[in-house]
Amino acid sequence: MNQSLIRVIVAIIIGLVLVIWPDMAGDYLVITIGVLFMIPGIIGLVKYFTANNKAGISKSFPLEFVGSLLFGLWLVIMPGFFADILMILLGVILVVAGIQQVYSLIVTRRWMAVPGGFFIVPTLILIMGVVILFDPTTARHTAFIIIGITCLVYAAAELVNWFMFTRRRPQIPPYGDIIEVNGIDEADK
């Protein structure tokens with residue numbers, strides 16, 4: 001099957017899931033991360049308990065594997081909590097970034113004129129950070145919906161590109177064909 005069509009199908013599926021079920025998509029993303037933390041924890045503990053203890057070599061208990069397993073379980077059990085914490089961290093980062101940019105522009109005004117339009121984007125970043133801090137769940141859902149719509153737009157653009165260009169690409173001759181150039185057989189060179 002053509003790679004462009006596979007990309008279109010995957011993008012449509014991801015886009016629809018994110019647009020239709022943004023709350024569940026966030027939870028499943030955190031659950032997936034939790035499972036990825038659990039796997040090395042389980043493997044490490046299994047190796048620890050099944051390894052033969054050689055004479056004279058002490059084995060210390062692998063706390064990092066237990067920690068990885070427990071953290072993964074916590075992510076799987078409480079995905080909404082961690083998704084909201086990640087959004088709160090994003091909100092804090094946006095607030096700090098917005099304040100820093102506004103401050104930099106104010107300081108810059110000491111030695112040169114800064115048009116008011118330059119304050120629009122940092123102010124919007126600051127406002128977005130505050131909105132995320134006060135309502136992280138809604139902000140997370142909105143972000144997933146925007147990402148889903150972007151996936152659907154990408155799928156439509158990829159499909160148009162496939163119909164217009166990719167499927168009309170000239171075919172490469174099979175490897176066994178001999179190409180003749182100026183009456184000289186390429187195999188004779």
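The preceding data block contains the structure.
Residues numbered from 1 in each chain as written. Predicted model: local features only at pLDDT ≥ 70, side-chain atom pairs only at ≥ 80, totals over all residues. Heavy atoms only, no water.

A. Geometry of the side chain of Asp 84. Residue position: Asp 84 is located in helix α4 (residues 79–108). On the basis of relative accessibility, which here comes to 19%, the residue Asp 84 falls in the buried class. Within the structure, Asp 84 has its side chain in polar contact with the side chain of Thr 137 (distance 3.0 Å). A distance of 3.0 Å separates the side chain of Asp 84 from the side chain of Arg 140, its partner in a polar contact. Apart from residues no more than four positions distant in its own chain, Asp 84 is found in contact with Pro 136, Thr 137 and Arg 140. (Helix = DSSP H or I, 4+ residues; strand = E, 2+ residues; numbered from the N terminus. Buried < 20%, exposed > 50% of the residue type's maximum accessible area, 1.4 Å probe, protein only. Polar contact = N/O pair within 3.5 Å; in protein donor to acceptor, adjacent residues only side chain to side chain. Contact = heavy atoms within 4.5 Å.)

B. Broad picture of the side chain of Glu 158. With respect to the secondary-structure elements, Glu 158 resides in helix α6 (residues 136–164). Since its relative accessible area comes to 11%, Glu 158 is described here as buried. Residues in contact with Glu 158, not counting those within four places in the same chain, are Ser 4, Arg 7 and Val 8.

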